[in-house]
Amino acid sequence: MKVLVVGAGGREHALVWKLAQSPRVKKVYCAPGNAGTAELAENVPIGATDVATLTEWAAAHDIDLTVVGPEAPLTAGLVDAFRARGLSAYGPTRKAAAIEGSKVFSKNLMHKYGIPTAEYRVFTDAEEARRYVRAKGAPLVLKAEGLAAGKGVIVAPTEEEALDAIHTILEEQAFGAAGERLIIEEYLEGEEVTVLAFADGEHVLMLAPSQDHKRAFDGDRGPNTGGMGAYSPVPALTPDTACRVEAEILRPTVAALAAEGSPYRGVLYAGLMLTAAGPKVLEFNARFGDPEAQAVLPRLATDLVEVAEATLAGRLDRISLAWRPAAALAVVLASGGYPGHYETGFPIQGLKEAAAQPDTLVFYAGTRREGNQVVTAGGRVLAVTALGSDLKAARERAYQAVEMIRFSGRRFRRDIGWRALRS
Ligand code: AMP
Ligand code: GLY
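Residues numbered from 1 in each chain as written. Chains lettered and ligands numbered in written order. Predicted model: local features only at pLDDT ≥ 70, side-chain atom pairs only at ≥ 80, totals over all residues. Heavy atoms only, no water.

Q: What should I look at first to understand unusual backbone geometry in this one?
A: Excluding glycine, most residues fall at negative phi; most peptide bonds, likewise, are trans. Following Ala138, the chain continues into Pro139 via a peptide bond in cis, with omega recorded as -5°. By the element assignment, Pro139 lies in the loop between α8 (126-136) and β7 (140-144). For the bond from Tyr338 to Pro339, the omega torsion is 10°, close enough to zero to count as cis. Relative to the helices and strands, Pro339 is located in the loop between β18 (327-334) and α13 (351-355). With a phi angle near 50°, Asp62 is a residue other than glycine that sits in the positive phi range. Mapped onto the fold, Asp62 is located in the loop between α3 (51-60) and β4 (65-68). For Asp62, a relative accessible area of 53% corresponds to the exposed category. A positive phi angle is found at Gln173, which is not glycine, with a value near 55°. (Helix = DSSP H or I, 4+ residues; strand = E, 2+ residues; numbered from the N terminus. Buried < 20%, exposed > 50% of the residue type's maximum accessible area, 1.4 Å probe, protein only.)

Q: Would you explain the side chain of Ser22 in this entry?
A: Checked against the element boundaries, Ser22 lands in the loop between α1 (10-20) and β2 (27-32). Assessed through its relative accessible area of 4%, Ser22 is described here as buried. In this structure the side chain of Ser22 is engaged in a polar contact, spanning 2.7 Å, whose partner is the side chain of Asp303. If we ignore the near neighbours within four places in the chain, the residues touching Ser22 are Asp303 and Val305. (Polar contact = N/O pair within 3.5 Å; in protein donor to acceptor, adjacent residues only side chain to side chain. Contact = heavy atoms within 4.5 Å.)

Q: Sorry if this is basic, but what is going on with the site of ligand 1 here?
A: Ligand 1 sits among 15 residues. The nearest are Glu185, Glu186, Leu188, Glu192 and Glu283. Separating a nitrogen atom of ligand 1 from a backbone N or O atom of Glu186 is a distance of 2.9 Å. Within the side chain of Lys214, a nitrogen or oxygen atom sits 3.1 Å from an oxygen atom of ligand 1. If ligand 1 stood free it would expose 470 Å²; the protein chains cover 91% of that surface. Elements with a minimum of two residues in the shell around ligand 1: β7, β8 (153-156), β9 (182-186) and β17 (278-285). Split by residue class, the shell around ligand 1 holds eight nonpolar, no polar and seven charged. (Near = heavy atom within 4 Å. Areas by Shrake-Rupley, 256 points an atom, 1.4 Å probe, with all protein chains shown as cover. Nonpolar A, V, L, I, M, F, W, Y, C, P; charged D, E, K, R; others polar.)

Q: Explanation requested: the site of ligand 2 in the structure shown.
A: Lining the immediate surroundings of ligand 2 are Asp212, Gly226, Tyr269, Asn285, Arg287, Gly289, Asp290, Pro291 and Glu292. The contact in question runs from a nitrogen atom of ligand 2 to an N or O atom on the side chain of Asp212, over 2.8 Å. Between ligand 2 and Asp290 there is a distance of 2.9 Å, counted from a nitrogen atom to a backbone nitrogen or oxygen. Relative to its unbound accessible surface of 200 Å², ligand 2 loses 91% to contact with the protein.

Q: Before we go on, may I ask you to explain the environment of Ala81 in this structure?
A: When you line up the elements, Ala81 lands in helix α5 (residues 78-84). Judged by relative accessible area, Ala81 falls into the partly exposed class, the value being 23%. Sequence separation between Ala81 and Thr55 is 26 residues; the distance between their C-alpha atoms is 6.9 Å. Residues in contact with Ala81, not counting those within four places in the same chain, are Val51 and Thr55.

Q: Please explain the packing of α8 against helix α9 (residues 159-171) as it appears in this structure.
A: Axis angle and axis distance: for two packed helices, these are the angle between their axes and the distance between the axes, and together they describe the pair. Their axes nearest at 10 Å, the elements α8 and α9 cross at an angle of 165°. When the interaxial angle is binned, α8 and α9 end up roughly antiparallel. As for how α8 packs across α9, the hand of that crossing is right-handed. The segment α8 lies against α9, with Ala126, Ala129, Arg130, Val133 and Arg134 engaging Glu159, Ala162, Leu163, Ile166, Leu170 and Glu171. Across the contact of α8 with α9, the residue classes tally to seven nonpolar, no polar and four charged. (Axes fitted to C-alpha atoms, helices over the stretch in contact; angles between N-to-C directions. Parallel < 35°, antiparallel > 145°, perpendicular 65-115°, else oblique. Left-handed = near helix turned anticlockwise from the far one by under 90°.)

This is the structure in structure tokens:
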């Protein structure tokens, strides 16, 4: 079969890499892809959110299965458009993807169906929001309703900062239309974990947990980023708590979306806080995480095509997932200055040497080929994933390979996995 992956990041390189291993797959395309996907797939120069052109292209090229990486094409209705043309696309419809696209939708859904999450209120009026903050007191978390590339969340340790955040989101409209509505929620304490699940509208198949590192600098300091590294499994998520996540969060959420008339098919991403009172939802996403996918997919032994087909047929209850008996740790290499301003176009050295290390994978993100040279072309440039008998071995291997890759301004966190590995 012919498969199309939509997107251009490290997650999409990992998806291409995984799908290319399926005995069922003859050819993989990636739109628009990057310098890494170009080595395993044919890149197609169509933007990930150009739904109309992607639909035409997939129909004209008899694509059997399309797998969507990022959220934007999902909330733009790619899956709906493909389905209307009789094309198979893996991922939620526009309506179901609102679980990521609108934090108000997702909070209200959780509230209505009793799914554990932080207490919250929704505001459009700044004065009302300020009164609420003064009544509640800090710490609080303030969130712009819509998609803001991970930047629309402000954790306010003090009342002062919460009041500033109200001004930024509602009055300055720093996040544009995404900030027309503001959520103010209770600050949750605990360890964060990402749990991904395959869902077919009815059944849920939980993947191995992972943990992202969202802050830019070591020790979880500095601004939030798309994610600077990830590892899997996560010792902090005990088997008991994992069962609770499935029973109290994943299954009820999929059932809730079905009851609301928008059954969820695809990967459901639950960003969780493991609080003293049990696991609670910080956010849902409608897709694989990036860089969580780069840590989780290399551990997954099951054919992703088999999962996608079972999903589209609504028979996920008939399959189970097999895992390689290894831990994985992924370190993101970013451009100097990311997540703020950064320069691009710097040649990257050592890619082949790093990828030739045992049990080591290099997933490209913001990269471009210029002649024989791969150059930087984005904030997060690539991720190095290593597998090992345990997380410590995986970390050692990953950092050995990281040191082999060089480009001007290269920056990475040296403490990926620290929560699991501190002892
Ligand atoms: P979100 O995009 O909603 O996951 O928020 C981004 C980050 O903000 C999360 O990964 C958490 O670190 C933090 N965060 C979000 N909501 C809360 C909360 N209610 N309590 C504490 N931290 C939070
Ligand atoms: N790594 C966080 C995300 O993919 O949303």
